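Chain by chain, the residues:
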Amino acid sequence: MSKYPNLPATDAAALTRKDFATDQDVRWCPGCGDYSILAQVQRTLPTLGIPREDYVFISGIGCSSRFPYYMDTYGMHSIHGRAPAVASGVKALRPELNVWVITGDGDALSIGGNHLIHALRRNIGLKIILFNNRIYGLTKGQYSPTSEVGKRTKSTPMGSLDYPFNPISLMLGAEATFVARALDIDAKHLQEMVTRMAAHEGTAILEIYQNCNIFNDGAFAYLTDRQTRPQHELKLEHGKPLRFGPKNEKGIVLDRQMRPQVVEVEAVGEDALLVHDETNPTLSYLLSQLVHPDFPTPVGVFRSIERPSYDAMFTAQIEDAKKRKPGKTVQDLIEDAHVWTVE
Amino acid sequence: MAKAHEILDAVTIRFAGDSGDGMQLTGNQFTQTSALAGNDLATFPDFPAEIRAPAGSLAGVSGFQLNFSSHEVFTHGDTPDVLVAMNPAALKVNLEDLRPGGILIANIQAFGDKNLERAGYLENPLEDGSLSAYRVYPVDITTMTLNAIAGVGLNQRSAVRSKNFFALGLVYWLFNRDMQHTVAWIESHFRQRDPLVADANLQALNAGYNYGETAELFTHSYMVKKAPIAPGRYRNITGNDAMALGLVAAAELSGLELFLGSYPITPASDILHFLSKQKHLGVKTFQAEDEIAAVASAIGAAFAGGLAVTTTSGPGIALKGEAMGLAMMLELPLIVINVQRGGPSTGLPTKTEQSDLLQVLFGRNGECPLPVVAASGPGDCFDTAIEAARIAVRHMVPVVVLSDGYLANGAEPWRVPDMSTYAPIPVEFETNAEDFQPYRRDENLARPWAIPGTPGLEHRVGGLEKQDVTGNVSYDPANHEHMCRLRAAKVAKVADHIPPTAIFGPDEGDVLVLGWGGTFGAIRAAVDHAHAQGKAVSHVHLRHLNPFPNDLEAIMKRFRRVLVPELNLGQLAFVLRGRYLADLVSYTKLQGKPFREAELAQQIDALLEGER
Ligand code: SF4
């Protein structure tokens, strides 16, 4: 039922992709990976059974942060790096809302790094989609905190010197309770990840490898080209052994120093392979450290654990306080001091 | 037989000691007892920036000054009549303020070689004749406290800590005070937690009182009678507590949920502390990871339909500037409270100053005017907070509230407001989905407040320039100019709701003293004094600093000279000159301390002299 008696709530069951599209022209460069991500989110939301008016999309600054303009939900295109903080305010005040953050590698990991790690550790029920294209697009091509060392860009003509973040390791280090990775081109998997984020209590973050075909074309080609993809993509599935390869013939084991090794499954037998467990922090971190080209790139849910969310506990504290001191007014509070009378 | 007492009109007393000596507590107890005795009063706590500066050092001196009187009081007093110095450092730091002939009570036990050296004394000032201008009462407070409470059974370290109650008892005797309030306070604060400490404090308090009565030191005591205070119910209040209460009150008056996004900073943190305790009233406080996140979370809460507030001090405002601009573009109600302190940079965190006026007026990129209001006294913070909420919601705009360290920590007796006499703050969330336009405006130029969860009103806002009415992104040059002017006109419109400016003194005359913020008391006292001498001097104190009241320019023109005293380098004067081409005299001070009444009186007189 609607919270507003004079207005009907949208029938969440009857929503379609079209209900989530605005009349604004989408202005990303033709061929940009952002289009696919937008389409998958617009496809997934109507399947979640949540009324459209309860969705809020908050973004920062950057190409990806135009996203809210194209979503016919409540939305805010805020300022550079601050979207998690703005969204935290929305969620803290109104826990019943479904609050999404749209951000990029520069927005989330450079100028907004502080807000990102705190939104993660606080577990405040935000759904954060981080478009990682390893470049600054909107400002026309400077290296970003996820660009590889030695990257030649407009601001680094002799190659960049600083080491990049491993975003998944960073998220895990920040105590995120749900961490996943997806590829812009993998529509079905992307939809699955978005659905799992929505179902998660607490903050969920999804890193999407997104191609910027203008300033960093092919950054993830090894993983997205049909030819090479099977050799490099390791799909994570909870409870399943870690296997990959064109014929699923390879797997991951640990050696006696706890170092991961790529092996032929036939040589060691499937029982020797590592088995994915989304609730095991050591394994999650280990998987985040499987980095191209030495290892296949894991895609899917690295970590998903249950931990009470900030917004739920926040609301519980308020309810508890109201029960302890019921029926108080501001007048009571004003007079909750030593009051004397002057005749 | 009890000693005789002398009646005094008003007394200013300062308690000074090490940060750990409990001087704030002592001062607060004396304040509450004086209020109960019917005095009018004003206080000024002055504490060091360091949490635990080395014992006995000059940096670690903490002071609390109180002016209590049998007539109306505007300030905490220029020059103390009584100084209680718990150690040489406290004496060194505070002696220059003590009025010649004033009473100095010194804890001689603390005047050993080590402490003298720490305070930079080569000789013991209590013995070298350098204090001959004062009435010096050397009292061995520490030893007498230890003797008095020897039976309680505390160890030496704990026992020494009761010495401030001995000092308090002695001063209670000196001013003929009833100790009942403090006795009850000790019982309620210590009895449960630590009964031995309760006993020790009570015995020290009594011992101090009895010492005054029996020792040969004091020939007589003093008495300050009741002041003619407007009848009513009173409580003591600090500016920070009043600000917090005002916010809770505004939430009740508007029916909105109160949300505070804040990051700890001196001297504003007490607002966060106070509000954090009001969860039973539905108050939501969010301690953010930094100043920017604090304001950003408040913007999120405003978007979601809360009465959103962020509290900080000058350095925090510098960090929040971009987000304040965003809130201006989003046209959402937001209250930004700046409890000013000495700057620039980290500056003087625990000292007062008014040097953020230009920052809050202009410190953002682009054309970004915001309404600015300022509180003039601790109690006035309550009404200022409510006024800020009213403006924010009525015009859908962020509003800056200026307080300062002096108001924030200073306390005064406050007539308990009756909430039923306050007009509600009308709020109507948009619910009508038919032809909804996020940037269509009402008569106050405010746009509708359509909050998430309302079906049919899904819309996007953002920091990019908006097309008029639709709120869609627009790069159209003419639209940009139109929108900049529209936002400025909206802020200017606030002035239409400002009541006629109150003038203290004649409507026209020789000198108008025009002030704002925490200088109210000193200015009012100086102008009151001038009236007593038959001078044509008036006082106007501005609550609204942007926009100014519509009648301000005409008022200024009715006086031959306008004096603008400020605790900065002339920021309001700068704005007034630019705005009105006004010929005015700026008087400024930047010492981390409030004005003294005497220095303002001198400025007024100098202007009057110049007129002749
Ligand atoms: S610059 Fe790159 S990331 Fe930005 S819209 Fe164009 S292709 Fe996409």
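The structure we're discussing is the one just above.
A few points on the structure. (Residues numbered from 1 in each chain as written. Chains lettered and ligands numbered in written order. Predicted model: local features only at pLDDT ≥ 70, side-chain atom pairs only at ≥ 80, totals over all residues.)

## Looking at the overall build of chain A
Item 1. Each helix and strand in chain A was counted, giving 12 helices and 12 strands.
Item 2. With respect to the three principal axes, the spread of C-alpha positions in chain A is 90 × 50 × 45 Å.
Item 3. Going through the 343 residues of chain A one by one, you find that 45% of them count as buried.
Item 4. Nonlocal contacts in chain A, meaning residues at least 24 apart in sequence, comprise 67% of its contacts between residues at least 6 apart. (Helix = DSSP H or I, 4+ residues; strand = E, 2+ residues; numbered from the N terminus. Buried ≥ 20, exposed ≤ 12 C-beta atoms within 10 Å, placed from the backbone. Contact = placed C-beta atoms within 7 Å.)

## Brief notes about the interface of chain A and chain B
Item 1. Taken together, the contact pairs 56 residues of chain A with 59 residues of chain B.
Item 2. Of all the elements in the fold, those that place two or more residues in the side of chain A that touches chain B are β2 (74–77), α2 (83–93), α4 (113–122), α11 (310–324), α12 (330–334) and β12 (340–342) of chain A.
Item 3. By residue number, the principal contributor to the side of chain A that touches chain B is α2 of chain A, which donates eight residues.
Item 4. Partitioned by chemical class, the residues of the side of chain A that touches chain B number 27 nonpolar, 16 polar and 13 charged.
Item 5. Relative to strand β9 (residues 232–238) of chain B, β12 of chain A runs antiparallel, the two sharing three bridges. Within β9 of chain B, the residue paired with Val342 of chain A across the bridge is Gly232 of chain B. (Nonpolar A, V, L, I, M, F, W, Y, C, P; charged D, E, K, R; others polar. Pairing = 2+ DSSP bridges.)

## Looking at the sheet that holds strand β6 (residues 103–107) of chain B
Residues and elements named next belong to chain B.
Item 1. Read across the sheet, six strands follow the order β3-β4-β2-β5-β6-β7 without closing on themselves; strand pairing throughout is mixed. Every other strand in the sheet has two partners, leaving β3 (40–46) and β7 (135–139) as the edge strands with one partner each. Neighbour-to-neighbour, the strand axes of the sheet open up by a mean angle of 15 degrees, direction not taken into account.
Item 2. Sheet analysis places strand β5 (residues 82–85) next to β6, joined by four bridges and oriented parallel. Bridged to Val82 within β6 is Ile103.
Item 3. The strands that helix α1 (residues 23–36) touches are β2 (10–18), β3 and β4 (61–69); relative to β4, the one it contacts most, it runs at about 10 degrees. (Axes fitted to C-alpha atoms, helices over the stretch in contact; angles between N-to-C directions.)

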